[in-house]
Amino acid sequence: MRFRLFSALTFLATALPFTPALSVAQRAASAVPTPASVIGFAPGTDRKLPEWKQVVAYFHTLEKASPRIQVHTLGKTTLGRPFVAAYIADSATIANLAHYRGIQRLLSDPRLTTPGQVTRLQVDGKLVILVTSSIHSTEVGGILTPMVLAQKLVGDEDDNTRSIRRNTIVILVPSLNPDGVDIVHDWYASSMGTPWEGSGPPVLYHHYTGHDDNRDWYAFTQVETQMVIDSLYSPWHPAIVNDIHQQGSSGTRLFIPPYMDPIEPNIDPILMAGVAQMGKAMTWRMTSDGFVGIANNTSYDAWTPARAYQHYHGAIRILTETASADVASPINVPFDSLRPGYNVDPKKTGVDFLTTWPGGRWTIGDIVRYQTAATMALLTQAAADHIEWVRTYSQVERNAVMGNRAPGREDWPATIVIPEEAARDTAINAALGILQRGQVEVRRATSAFSADGKQFPAGSYLIYTAQPYAAFAKTLLEDQHYPNLFEYPGGPPKRPYDVTAQTLPLLYGFNVAFVRDSVTVASTPLAPVRAIPWVAKGLSNNKARRIAMFQNWAPSMDQGWTQWVFDQYHVPYTLITAKDIRAGDLSSRFDAIVLPDQNARQIAGGPRGPYPDSLKGGLGDDGAKQLAAFVNAGGTLVAFNAASNYATEALSLPVKNVLADVRPKDFYAPGSLFKVEFDRANPLAAGMTAPTPAVWFEGGPAFEVTDPSRATIVARYPAQGNPLLSGWLLGADRINGKAAMVDVKQGKGHVVLFGFRPQYRAQSMSTYPLVWNALR
């Protein structure tokens, strides 16, 4: 019997293939669900996009399958969708997240620990890395890549992935704009097989801000921004942030920092060195893995906190920008069609562009592949050197609490004072809310005091710069001095990636003082401020005043921002399209019409490219005639910034734009704050209480009145000197003495022309009264 049993076992062993037992790790990996098992296709499949509910379902499915991930719902988006974040690490770490959050809190503020404790915490803690994606919803790789990353980080068992799980806590936000995921999905799905397949939606892909949702990282106006700040940045203090984006299709395949000049001067140089080190390490790893077309030091700068909150809160921000396709439809990009950017030509190798891409077919699969590889390169590098990253994070925070005793900060003020001013309480309240949300410590003086020869009343607000996030307060409260940068000697100005100013006292309209020494006065910590309700006198909740706002199917971000401001002030309005305006009979329906900032061609012509006939056409000649009839019958037309050029031309107004056809080398102001002088006797200037009257100038006109009997100047730039208050301006003499705001009588009505953005990104509160006055 024993012989027969042995023989049978021997036969089975030799006749059947050997199948080793699966390890625990292998069984865990095989149990991890794939994205395709939930959304129905593999991320990166041509012409396939998920709905937001499918993405959320996948992350919850992953959570149910593995103890290495927790999914948290942070709240509801603008349009009511769930906003989620996934925490990924090894199971022991995930089971003790509160413990590691506490360690990170201690490391973020050296005032809470001794040096010996910090050394121990650096070893015991985890490197916290925040990965954000899909804030710009047409950059659709950003909604697919997080699912691929999550599957890999939870399920893969290679040494690098194990190291990531062991040494870091990855907080993965699959979309910073879930509403936009569905807006783009629905439009793209409806466009399949049509001539407009691959086009962007004809509406903003964030309900209020569109692409500007990534310009809200200091004003914190949108609920999505607020959730990320309050639920992720403030409690977790990440040391590294990877922000996944896409760029145009005709340049490099991928941008990874270092950033190009300039760097905003309040950023700790340790952080910029860390950005450079991480970016080059990622480039090195990806190049060794066969990826080509990777660029550094081009196109993207580190100037404004509007995009880089992290740089003022102890973290490096690694922006990645991958070349786009036509949404999720493949494209062909011939090598000869590739176009250069600053410092880099994608057809030539160099120190910032080591390998060329040969051109050809480019797909959503390529985008997902590049994005996934870039983030994995970052995480691998971070995990391998996690102790050093935590140590340098701690050093940045130690520098911060030293204030002007820290290296390189000898010229910093020790105290920033916002004087108590009852007449400006709404503006000050809004600014204090921003500072507190940005984790800035504010105190309130309990008695009057003097500093630097100035007297300040009791109740004034004190910001001592020896605190963790003083750099955030300083950059928001001081004037910006953007450097004069040119493409080449004698050439045009080098365009910044975004705007050049963010000075809250000028935008909101209040005073601020920078005191060299630490102010000594009795004070108490400022409790969290409660927002003062915003009221537009005569307009808030007044349905009797019939206001319309133009909505173009070539969507305008300024229109979205205008809607947001009106909604916060509870000013009723009706959105009207070009078709509505062309239909006429406007005066029977409306008292005032607002044209948000947009160039004249887009307003007149509407969307360009292959769109459905129902969306084509702007105002055209018929719309211009109907607007003229509306004004002549007694209506008020209000035009913001570049839209004033349209109104001037379409209605033949007695006003000339002196900046028309002026070359950038002769006049340039890419988002700056200018000093203006108001006609205080004009009712349109009523309520302007800002101590330094300032307007937000960004690509707008400056006016010269050709018929003073019909046109009245409400605000003008100073006749002499440089009107620049904050930002960058070339060619100041071009606007000296020119009008910034004009009221034109036309028939029985008025056209109010703004040569600036009076409601710029919902920040220029000091000029809101001009809008309300024009609409009353």
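Please refer to the structure placed before this passage.
Scope of this entry: the structure provided in the associated data block.

So, how was this worked out
- Numbers given to residues run from 1 along each chain, matching the order in which its sequence is written.
- In view of the model being predicted, local features appear only for residues whose pLDDT reaches at least 70, and side-chain atom pairs are presented and counted only at 80 or more, with totals across whole chains, interfaces and linings using the full set of residues.
- Each side-chain value is worked out from all heavy atoms of the structure, with water and hydrogens disregarded.
- By this definition, two strands are paired if DSSP reports at least two bridges between them.
- For the purposes of this entry, the term helix denotes a DSSP run of H or I that reaches at least four residues, the term strand denotes a run of E that reaches at least two, and both are numbered from the N terminus.
- We call two residues in contact when some of their heavy atoms are within 4.5 Å.
- Angles here are taken between N-to-C directions and fall from 0 to 180 degrees, while the axes themselves are lines fitted to C-alpha atoms, restricted in helices to the stretch in contact.
- Buried residues of nine kinds, namely Ala, Val, Leu, Ile, Met, Phe, Trp, Tyr and Cys, make up a nonpolar core once their side-chain atoms join them within 4.5 Å.
- Per-residue accessibility, obtained with a 1.4 Å probe over protein chains only, is compared with the maximum for each type, and a residue is labelled buried under 20%, exposed over 50%, and partly exposed between these values.
- Geometric relationships in this document are graded by angle, where less than 35 degrees denotes roughly parallel, more than 145 denotes roughly antiparallel, 65 to 115 denotes roughly perpendicular, and other angles denote oblique.
- Here a crossing is called left-handed whenever its near helix is offset anticlockwise from the far helix by less than a right angle, and right-handed whenever the offset is clockwise.
- When residues are grouped by polarity, Ala, Val, Leu, Ile, Met, Phe, Trp, Tyr, Cys and Pro land in nonpolar, Asp, Glu, Lys and Arg in charged, and all others, Gly among them, in polar.
- The pairing test for Phe, Tyr and Trp rings, Trp by its six-membered ring, is centres within 6.5 Å, and the orientation test on the planes gives stacked under 30 degrees, edge-to-face over 60, and tilted for anything in between.
- The criterion for a charge sitting over a ring is simple: Lys NZ or Arg CZ within 6 Å of the ring centre, and within 35 degrees of the ring normal.

## Brief notes about the sheet that holds strand β3 (residues 127-133)
- Taken together, the 8 strands give an open sheet; going across it, the order is β1-β2-β4-β3-β5-β10-β6-β8, and neighbouring strands pair in mixed fashion. Only two strands of the sheet have a single partner each, and these edge strands are β1 (69-76) and β8 (294-295).
- Two elements, β1 and strand β2 (residues 82-88), share 7 bridges in a ladder whose sense is antiparallel. Bridge assignment links lysine 76 to a residue of β2, and that residue is proline 82.
- In the packing of helix α11 (residues 223-236) onto the sheet, contacts are made with β1, β2, β3, β4 (168-173) and β5 (240-247), and the angle to β2 comes to roughly 25°.

## Here we look at unusual backbone geometry
- Note that the residue after proline 257, namely proline 258, is joined by a cis bond; omega there is 20°.
- Note that proline 258 resides in the loop between β6 (254-255) and β7 (260-263).
- With an omega of 5°, the peptide bond running from aspartate 261 to proline 262 counts as cis.
- In this fold, proline 262 is placed in strand β7.
- The phi dihedral of histidine 237 is positive, around 45°, even though this residue is not glycine.
- Locating histidine 237 in the fold gives a position in the loop between α11 and β5.

## Digging into the nonpolar core
- The biggest cluster of nonpolar side chains holds 194 residues, and the ones touching the most others in it are Phe59, Met286, Leu504, Trp772 and Leu775.
- Other than its neighbours up to four places away in sequence, leucine 504 contacts Tyr218, Ala431, Ile434, Leu476, Leu477, Gly509 and Phe510.
- Listed in part, the 33 residues of the second largest apolar core include Phe550, Ala628, Phe630 and Leu637.

## Brief notes about the environment of asparagine 343
- Here asparagine 343 shows up in the loop between β11 (331-333) and β12 (360-362).
- Once the C-alpha coordinates of asparagine 343 and methionine 260 are considered, the two residues, 83 residues apart in sequence, prove to be 8.6 Å apart.
- Apart from residues lying up to four places away in sequence, asparagine 343 is in contact with Met260, Asn297 and Thr298.

## A closer look at the packing of helix α8 (residues 141-155) against helix α13 (residues 364-384)
- Remark: α8 packs on α13, axes separated minimally by 9 Å, with the N-to-C direction vectors making an angle of 50°. In terms of orientation, α8 lies oblique with respect to α13. Handedness of the crossing formed by α8 with α13: right-handed. For the pair α8 and α13, contact is made by Gly141, Gly142, Leu144, Thr145, Val148, Leu149, Lys152 and Leu153 and by Ile364, Ile367, Val368, Gln371, Thr372, Thr375, Met376 and Leu379, respectively.
- When the residues that make up the contact of α8 with α13 are grouped by side-chain class, the tally is 9 nonpolar, 6 polar and 1 charged.

## Quick notes on the packing of aromatic side chains
- Scanning the model with the defined rule gives 32 aromatic pairs in all.
- The interplanar angle of 75° and the centroid separation of 6.0 Å between the aromatic rings of tyrosine 58 and phenylalanine 59 together place this pair among those described as edge-to-face. Like phenylalanine 59, tyrosine 58 is buried.
- Arranged with centres 5.4 Å apart and planes meeting at 55°, the rings of phenylalanine 566 and tryptophan 772 form a pair that is tilted. Separated by 206 residues along the polypeptide, phenylalanine 566 in helix α18 (residues 557-568) and tryptophan 772 in helix α23 (residues 768-775) bring together distant segments of the chain.
- You can call phenylalanine 566 buried: its relative accessible area is 1%.
- The ring centre of tryptophan 362 lies 4.7 Å from the NZ or CZ of arginine 253, which sits over that ring.
- Lying across the ring of tyrosine 342, lysine 494 places its NZ or CZ 5.3 Å from the centre.

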